[in-house]
Each structure stands twice: as structure tokens, then as C-alpha cells.
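Results of the structural survey
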Amino acid sequence: MKVTNIPFMAMRKIVAVFSLVLILISIGSLATKGLQFGLDFTGGTLVEVAYEKAPELDDIRALLSESGYDDIVVQNFGSTTDIVVRMANSYTATLGDEVLLTLQNNGETNVSLQRSEFVGAQVGEELREQGGLGMLLALLIVMVYVAVRFQFKFSIASVVALTHDVIITLGFFSLFNVEFDLTVLAALLAVVGYSLNDTIVVCDRIRENFRIMRETTPYDLINESINQTLGRTLITSLTTLFVLVVLFVAGGEAIHNFSMALLVGIIIGTYSSIFVAANLLLALDIKREDLVPAPKEELEDELP
Amino acid sequence: MLNKYPLWKYLLILLVLALGLLYAFPNLYPDDPALQLSAQKTTSVVDQSTLLKATDALKKANIELKEAELTSAGGTLRFNSGEDQLAAKPVVAAVLGDDFVTALNLVPTTPDWLSSLGAGPAKLGLDLRGGVHFLLEVDTPAAVKQRLEVSSSEMKAALRKDKIRYRSVAVADSVLSIRFLKEADLDLAENLLGDDFPEYRYATRESNDEFYLDVSFTEAATSEIESYALQQNLTTLRNRVNELGVAEPLVQRQGSNRIVVELPGVQDTAAAKRIIGATANLEFHLEAGLEDSGSDIETLTFRDGSGRTARLERDLIITGDSVSDASSSFDENGQPQVNISLDSKGGKQMSKVTRAAVGRNMGVVFIEHKSRSRFVENAEGKMEEVRRSYSEKGIISLATIQTTLGNSFRITGLDSPRESSELALLLRAGALAAPIYFVEERTIGPSLGAENIKLGVSSAQIGLLVVMLFMLVYYKVFGVFANISLAINIILLMACMSLLSATLTLPGIAGIVLTMGMAVDANVLIFSRIKEELAAGVPNQQAIHSGFNRAFTTIFDANITTLLVAVILFAVGTGPVKGFAVTLSLGILTSMFTAIVLTRAQVNLVYGGRKNKKLYI
């Protein structure tokens, strides 16, 4: 790939508007619709069973509501023979076993337990808090590390870019009603790590160029840096996306949402490391003096 | 000279590769489905004759056995397939009887020379091998309340001995209230108890012309009781899990009042749950005399459903905690019974009380702590879980004391053989010091586990193939270098997982797959630098040299920050998520080694020190 010369910085106003719109949509959806939290975070009971031949979902619903289980959701899971029964706010920890028994006792076909989960309401709430805290902690530590290794303006730019990625990915999950469980949270943290990786590579090049190109304006310099790293950014994102598409298609139901979160997050992350972070650096008025210490006076004396 | 590694560097790389291969190797040996035999009681041991009995029975049932061997923990019967294993379990359990526990298990098939080097396969998480995960919460306030109830008997005895008159004693939550009619009695009692029981806090109050002494534990004493209760519960749960005969169980404290129990491979989760969560205990009381009344007696019903009741003294002789051994059997009428042996302290107490009470009746009370949770709307309009604990008490037997009872005796009056054997198990393993609640439970069936492994492995293979093809097409010869590094990266990653005996979970496999996508990043960075240098007209050797050097800080900074995030993920996550964090962070470390050092070594070997050779990049 030849080093390109795309005027990224010239597009910065349009890009900023685009990002803002995405963020507004995301926040709007999160505020009105919220996230469809999975069992991990809400608490409740889930039973997954495998039938030998595909059953009628309505029959199962009728059977369970006859047996006195109200407020249930019965869905296919991955295939027509796999059934998931969910119950919010379970009253006892033995509910899962009871539901399984009810289904098995109805007995024409074989029903085998694939998985049953029970999470207490208290535990779910704690996980939610812990997850949010972990996310904030991750952003904070990243901010400190970048401030130490680079400079404070870089750390603001990269953390804002990361927050941008996280909010838009969350917005995607909210907008399309995709279930948000513990593995999605893990994926989101991985997105933070990945997108940061990308952003740092761009920042690193900007820092380097500030040292080499003495006469270029920050505007042109940042543009040049993005163009220089563009090839690498795209290739890495591409290989990662290949792998994620494979996981998404062939990895099975259990990590479906996980790979979806990574897919969305990494696309957004690639976009943000090209456009958002650099854009912000310019907005923060990054200068050569921020990275290269001003020459001392004695030194100037020695020069002719 | 440029782009030449000294010999020792190549040798070092080869050494790392050899070690990596060695420790990753055991993962190629699949685990055998097996039955784990262990002795139920200390008196019986698993020996050659036990194995012989089992193998004979299997032969008769036409189930093919792969291998039978004695281990330090008991015996292991290996099978060729999971179906054989499942079919064998009831056969073996029936022929060995109640004295032995038969449990399903997966045993590694690592060759001896490998295991002697400390090599073994990576552990599989519950989502890959099937099993149950419980999170239990210990009701520590209940432990405090129980201790106050015990103290109340002692305090009453002390007050009676000094002839201080009190009206009633009541325990509510964490406060014990003694009611007096006269203020003088209150003062006397406060002085007496304050001297005799210094670990309590005392407060007096007056209401409706009656005087109350409120006794509660000091903060230090409360936290000591709570941590003792947790510790005791951990011990008891370990005993119970051992009684279940599960191989490689995990019983671990989590936070201030929670316990994690993980039972890999267990199928009968309902039974596991019944045993682990059981809070049953026994209490021995004397029957109250006709003249006794008021708060010192308790009227209880029999558990046989006949509706009969009996009046028992509230004072305890002993509880199930004093039982040192218990086993279940049948009495002369074929009814289930439990044979009990007491420890020396319990035996002394029992004989002391019964000696003075020959001819009176003694009641054996079966007590179970249960809880009910309801959801109520709290002040903020959110649904909140409210738990109320209560105990169910029932008399299982009421018999006349014929003679002084000593260390061992038997009790009858149980419903079924299952109840008697479970009661014996619970008495052996010890009672829980405080009630526990299941706050989380995850069961993964074995077929789902196998399915997860299959999907994970196949997507890893496809992912690897796609990435390798892309690199080959895009970077030609250098793509080959990167691909060799990538393959070795996976071997090293597996070796690290095995060495650290880290647990591999499904998100963990996803982590490995993701690492593959990201691992080529470092090489992409280096290669694009080299291309840039070449485009700027730098000579080949110089271009390779500065390409590697200048990409290094970038790779370092980018990977360290990702590593930081992975570490946080490890700290915050539980179970499968932790597995993801482990593979992600190990993958970052190994990929830095392979992408920088290993790729460089290959480039040096092929291109190093030669002039003007064309670079296929």
C-alpha cells in the first residue's frame, strides 16, 4: 500500500458532526430504551434444554403456564431443537430444576438439560456496578499511562476517543435490542484495549513527526501522520475483522453477542483512531513545544 | 554487521521453542472419561479387591473398560467413551454399595515422562467440560443470633444460681433482652453478667414500668463470630463436597461473606445442591415435666405426619456438632436408622445429663434452617429482594432413657433410607455454622461443553487460516515469516496456559482467536515501516534494521496499554470472563516475543548480511 495523501483534517468538521450525531443517537437510545440486560445483570433463572425433535414453542408455553410458571419467555436458541426458558426475578434457587422436571415429565421426546443458570437479584446488581467501575478504572489507568508516556493532551484525546467507541457500541446494543450480558461487557473492555492500541500507534507517529518535521504546521503534520499509519491501521483491523467474522458465524450461540460487540466496537474503534483522536489533538491546540522541550538559551549561544 | 544475530541468540530462541512445544504437547492428548472411586468412611479403603469387584461387574454388563488403576485418592476406572462411562456408573455403584463413592470424572492421559516434567494439559472451564458452579452467601447475622441463643441459656443459669429474678428472655436480631420487674434486680444482673460475660455490651432501658437489660456482642466479638462462621462453613462444605466424591472440586471464599463451589463434571445437580445447601442438624432435648411451663419449654410436632406433639425443654443436651461419626443402616424391623458416635466432650455431657434422667423421655429434634425470599417495592420504587429465615423443627424420635447413654447410640424414626443416609452424611461432614443461600447457580450439561469445544476449535482453525492467507498474499516472503511466528505464538500461548494451569473457557478460546488477529499487528507495523524506508530509497539492510527499531516503541506502548486493560478485566471479571482476560494478556506477551524476536531471527537468517538482495515484501 502506497502512502496515501488523503486530506483527513479537511474533513474534520463533517466527521465531528457525524460522530456527534452517532453519540446523540446512542445516548438517546440508552436514555429512552436502555440496555436489554441479560440474566447476569438482572438476576433471574434461565434453563436451556435440547429436544430430540423440534417442539412447538406454544406447547411449551402452555405447558409451563399450566404448571403455574407465569412471566416466562420461551425462545429457540441457535437451532429449532434448542429451547431457552427465561424467568425474571425468580423466587427460589430450585426453580430451574422444577422447570426441567416439568418439561421432562411431559415426555414424548427426550429432553436433556444443556445449561441452567440462576442469578440472585443482589448478585446481578453487584455485577452491574462492578462492570461499570471496571470500565471507569480502565479509562482512568489508560489516561494516566498515556499522560506519562506521551503528554496530557494525548491522554485527553485518546480517552475521549475510547469513550466515544464505548458509547456508540453501547448505543448499538440498545438500539437493536441485543442482549447485554457478562461476555459483552468483556468484549467492550477488549474494544477499549484494541481501540487504544490503534490510537496509540497514530499518536506515536504524531509524536515522532513533531521531532522530525520542524517546519510543518500541526495541521499538516497530523494529516501526514494519519496517512503514514493508514496502511497499518487498515490491515490490522482487516485481519482482526476476518477473525471476528469467523467467530460470529462459526463460534456458536454462546459467544454470538460477544463477537458482535467486538465487531461493532472494532469498526468504530478503527474509525475513531483515524478521525476522532487526531481531530481532538488539533482542537486541543497541540504544539511542538508540548512534546519537544524548548531549546535552552546556552545552546542557542553556541549556534552561529 | 547489520541484521545478524549472535549464535547464542538463535540458541536461546530454539530453547524457548523447544520448551514451548514440550509444555504445549500434553494438550494433544484428550482426557479419558473415567469413574473415580473413593471410600465413604475412614474404615474402608479402595484396594485391589475393590477394583476387581468393579471390573468383574463391568465385564458381566458388557461394558468395555480401558484401564483400572489405584491412585492415592482411591481408584480410577478409565473408559473409551462417554457413553460407556455413563452406563458404567450405576453398575459400579450398585456392586460397591454404600461404603464407596462413585463419581464421574475426566482424567488426563498425559504420558508419564511429560507429567514428570510438570507438563499437563490446560484446565478446561466449566463451560467446556460441563459441571456446576454455585455462589453461596453465608447468613452471618444468623450466626450471631444463634450464638446469642446459646448465651441466653448460660445467662439464665447464672441468674438462677444467684437467685436474681427475671421475667423473660428474648432474642431479637442481634440483641438479647432480659426483662425484670424490679430495678434492683436489673442492677444486680448487670453487675453479675458484666463480670461473668465480659465479651458483651450491656444497655439498660425502662418501658411500661418494666426494666430491660439489652445484651449484644461488641463489634470485635461480632466480626469474630462472623469470620468464624464463614471459616467453619468453608470447612463443612469442603467435607461435604469430599463426601460427594467429586474430582477436583473448588471450594473458595469470595469477598466477606460468600463462598464459591465448583463441581466439574457433576451430573446430578439436584442431589449436589441438596447436600451442599442442607442446613439440617440434630438437637437432643429432655421432655419437659408437667410442672414446667412458660418460655422454658417448646411444643413441637412429630415429623411422621401423625400430628402428635410433645413438650420439650428448651435447654439443649447436645447438638449434631458433637457427633464424631455417623453411618446409616437398618434396624431389626427393616426401618432406616442412623448410628451415632459422639466426641469425648459430647459423650461426657450426654452421660452426665442422662444419668440424672433415667426413666424420663429424650426427644431427638431434626432442625432445618430455611429461607423464603419475597420481592417488595422499596422506597425508591425499585423491586428489592427481602429474605426471611426461619427454622423448621420436628421430633424424629421420643424414647425413654433406659440407662445412662454414652458415646454411641442410634436414632430411628426417619422417613426413608435416603433421608437416613443423607442425615448420616451431614452429621459426618459437620453442620453449617450459619445458614447459606444460593445466590447464583450455573449448570452446564456435558454435551453443551463438548459442543462448545468443537465450535471454539473449528472457529480458531478457520480464523488462523484466513489470517495466514491474507498475510501471505499481502506480504509474500515476509508474510511467511509472520505466519511462522503466528503459529509458534499459539503453541507458546498454549504452553503458558498449561504451565500456569490457567483455565481455558469458551470466551478464552475466543480470546486466543482474537489474539491471532491482533498478533500479526506487530509484524504489520514492522513491515509497513520497512516498506516506508524502502520507498524513501534507504538500502535494503538499513531498511530492515530501522524498520524493526523504529516500530519497537510503537509496539511496546500499544501493547502495554492493552495489557493494562486486560489486567483490569481479570480483576473485575468472574468465571468465563476471567478466562478471556487470561488468554488475552498471555497472548499479548507471547505475541510480542514472536512478532519481534522470532520474526527478526527469520529475517536475519534469510536476508542478514547479504547485499542488495531483493526484498519480497
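Residues numbered from 1 in each chain as written. Chains lettered and ligands numbered in written order. Predicted model: local features only at pLDDT ≥ 70, side-chain atom pairs only at ≥ 80, totals over all residues.

Regarding its fold elements, chain A presents twelve helices and six strands. In summary, chain A has a C-alpha radius of gyration of 25 Å against a globular reference of 19 Å for 304 residues, an excess of more than 25%. The C-alpha extent of chain A, read off along each of the three principal axes, is 95 × 40 × 30 Å. Out of the 304 residues belonging to chain A, those deemed buried represent 45%. Sequence-distant contacts, at least 24 apart, represent 78% of the contacts inside chain A between residues at least 6 apart. (Helix = DSSP H or I, 4+ residues; strand = E, 2+ residues; numbered from the N terminus. Rg over C-alpha atoms; globule rule 2.2 N^0.38 Å. Buried ≥ 20, exposed ≤ 12 C-beta atoms within 10 Å, placed from the backbone. Contact = placed C-beta atoms within 7 Å.)

Looking only at helices and strands, one finds 15 helices and 23 strands in chain B. Taken over the C-alpha trace, chain B has a radius of gyration of 34 Å; the compact-globule value for 617 residues is 25 Å, which it surpasses by more than 25%. Here the C-alpha coordinates of chain B stretch approximately 115 × 70 × 45 Å along the principal axes. Within chain B, buried positions represent 42% of all 617 residues.

All names here are of chain A. Mapped onto this structure's residue numbering, the UniProt feature "transmembrane region" (unreviewed entry) falls at residues 131–148, 155–176, 182–203, 234–252 and 258–282. Span residues 234–252 is 89% helix and 0% strand, its end C-alpha atoms 27 Å apart. End C-alpha to end C-alpha, residues 258–282 measures 34 Å, and it is 96% helix and 0% strand. (UniProt positions renumbered as here; feature names shortened; annotations may be inferred.)

This brings us to the interface of chain B and chain A. With 58 residues of chain B at the contact, the number on the chain A side is 57 residues. Elements with a minimum of two residues in the side of chain B that touches chain A: strand 19 (361–377), strand 20 (383–400), strand 22 (436–444), helix 12 (446–499), helix 13 (506–535), helix 14 (540–572) and helix 15 (575–607) of chain B. In terms of residue count, helix 13 of chain B provides more of the side of chain B that touches chain A than any other element does, 14 residues in total. Grouping the amino acids of the side of chain B that touches chain A by side-chain chemistry returns 35 nonpolar, 16 polar and seven charged. (Nonpolar A, V, L, I, M, F, W, Y, C, P; charged D, E, K, R; others polar.)

Residue and element names in this part refer to chain A. Counting all residues, the mean pLDDT for chain A is 85, and 91% of those residues have values of 70 or more. At the level of individual helices and strands, chain A shows its lowest average pLDDT in helix 12 (residues 297–302), which scores 47, and its highest in helix 1 (residues 12–32), which scores 94. Contacts of residues 298–304 to residues separated by more than four positions or lying in other chains number one contact, the stretch itself having pLDDT below 50. (pLDDT = per-residue confidence, 0-100.)

The next point concerns unusual backbone geometry. All names here are of chain B. Phi is positive for Asn-208, close to 50°, though the residue is something other than glycine. Among the structural elements, Asn-208 can be located in the loop between strand 9 (200–207) and strand 10 (210–217). Accessibility expressed as a C-beta count within 10 Å gives 5 for Asn-208, which makes it exposed. Of note in this structure, Lys-476 is not a glycine but carries a positive phi near 50°. Mapped onto the elements, Lys-476 comes out in helix 12.

In this section: the confidence of the model for chain B. Residues and elements named next belong to chain B. On average, residues of chain B score 83 in pLDDT, and 94% of them are at 70 or above. Strand 19 is the least confidently modelled element of chain B, averaging 73 in pLDDT, while helix 1 (residues 7–24) averages 91, the highest of any element. Overall fold confidence (pTM) sits at 0.79, and the ipTM for the predicted complex is 0.84.

At their nearest, the axes of helix 8 (residues 218–250) of chain A and helix 12 of chain B sit 9 Å apart, and the two run at 155° to each other. Between helix 8 of chain A and helix 12 of chain B, the crossing angle belongs to the class labelled roughly antiparallel. Judged by the twist between their axes, the crossing of helix 8 of chain A over helix 12 of chain B is right-handed. Facing helix 8 of chain A, whose interface residues are Ile-235, Thr-239, Phe-242, Val-243, Val-246, Leu-247 and Ala-250 of chain A, helix 12 of chain B presents Leu-455, Ser-458, Ser-459, Ile-462, Gly-463, Val-466, Val-467, Phe-470 and Tyr-474 of chain B. Classifying every residue of the contact of helix 8 of chain A with helix 12 of chain B gives twelve nonpolar, four polar and no charged. (Axes fitted to C-alpha atoms, helices over the stretch in contact; angles between N-to-C directions. Parallel < 35°, antiparallel > 145°, perpendicular 65-115°, else oblique. Left-handed = near helix turned anticlockwise from the far one by under 90°.)

Another aspect to go through is the sheet that holds strand 18 (residues 336–342) of chain B. All names here are of chain B. Pairing within the open sheet is antiparallel, and its three strands lie in the order 17-18-21. The open sheet is flanked by strand 17 (323–330) and strand 21 (408–411), the only strands paired with a single partner. The average angle at which neighbouring strand axes cross in this sheet is 25°, direction not considered. With four bridges joining them, strand 18 and strand 21 adopt antiparallel strand pairing. By the bridge assignment for strand 21, Ser-341 is matched with Ser-408. (Pairing = 2+ DSSP bridges.)

Time to look at the pairing of strand 17 of chain B. Bridge analysis of strand 17 of chain B against strand 18 of chain B gives seven bridges, and the strand direction is antiparallel. Each bridged residue has a counterpart across the sheet, and for Phe-330 of chain B the counterpart in strand 18 of chain B is Pro-336 of chain B.

This next bit is on the domain arrangement of chain B. All names here are of chain B. Split into domains, chain B comes out as domain 1 (7–26 + 447–607), domain 2 (32–107), domain 3 (141–222) and domain 4 (280–434). On a C-alpha basis, the centroid separation for the pair domain 3 and domain 4 is 26 Å. Between domain 3 and domain 4, the contact holds five residues from the first and five residues from the second. Only helix 6 (140–161) and strand 7 (168–172) provide two or more residues apiece to the side of domain 3 that touches domain 4. Broken down by element, the residue count for the side of domain 3 that touches domain 4 peaks at three residues, all from helix 6. Its residues assigned to classes, the side of domain 3 that touches domain 4 shows three nonpolar, two polar and no charged. (Domains from an automatic or database assignment.)

Residues and elements named next belong to chain B. End to end, helix 13 covers 44 Å across 30 residues, agreeing with the expected 44 Å (1.5 Å per residue, within 8%). Remark: the principal bend of helix 13, roughly 30°, maps to Met-516. In terms of burial, helix 13 is largely enclosed, as 26 of its 30 residues are buried. Gly-537 occupies a position one or two residues after helix 13 and carries a positive phi of about 85°. (Expected span 1.5 Å × (residues − 1). Bend = angle between axes of the 7 residues up to and from the residue.)

Moving on to the domain arrangement of chain A. A common measure of how large an interface is: the accessible area buried when the components associate. For chain A, the domain assignment lists domain 1 (8–37 + 123–291) and domain 2 (44–119). Look at where the C-alpha atoms of domain 1 of chain A and domain 2 of chain A centre, and you get two points 40 Å apart.

This next bit is on the sheet that holds strand 4 (residues 100–107) of chain B. Residue and element names in this part refer to chain B. With antiparallel pairing, the four strands of this open sheet are ordered in space as 2-3-1-4. In this open sheet, the two strands that pair with only one neighbour each are strand 2 (67–71) and strand 4. Neighbour to neighbour, the strand axes of the sheet diverge by 25° on average, direction disregarded. Note: strand 1 (residues 32–39) against strand 3 (residues 74–78), four bridges, orientation antiparallel. Pairing of Leu-37 across the sheet is with Gly-75, part of strand 3.

Core analysis: the largest hydrophobic core is formed by 133 residues, its most contacted members being Ala-186, Leu-189 and Leu-262 of chain A together with Val-565 of chain B. Those residues in contact with Ala-186 of chain A that sit more than four places away from it in its chain are Phe-258 of chain A together with Pro-507, Leu-569, Gly-573, Val-577 and Phe-580 of chain B. Counting residues in each nonpolar core, the second largest holds 58 residues, with Phe-79, Leu-148, Met-155 and Leu-244 of chain B among its members. (Core = buried A, V, L, I, M, F, W, Y, C linked by C-beta atoms within 7 Å.)

Another aspect to go through is the environment of Leu-414 of chain B. All names here are of chain B. Along the chain, Leu-414 falls in the loop between strand 21 and helix 11 (417–429). The spatial distance from the C-alpha of Leu-414 to the C-alpha of Val-338 is 8.6 Å, given a sequence separation of 76 residues. In contact with Leu-414, other than residues within four places in its own chain, are Pro-336, Val-338, Ile-396, Glu-419, Ser-420 and Leu-423.

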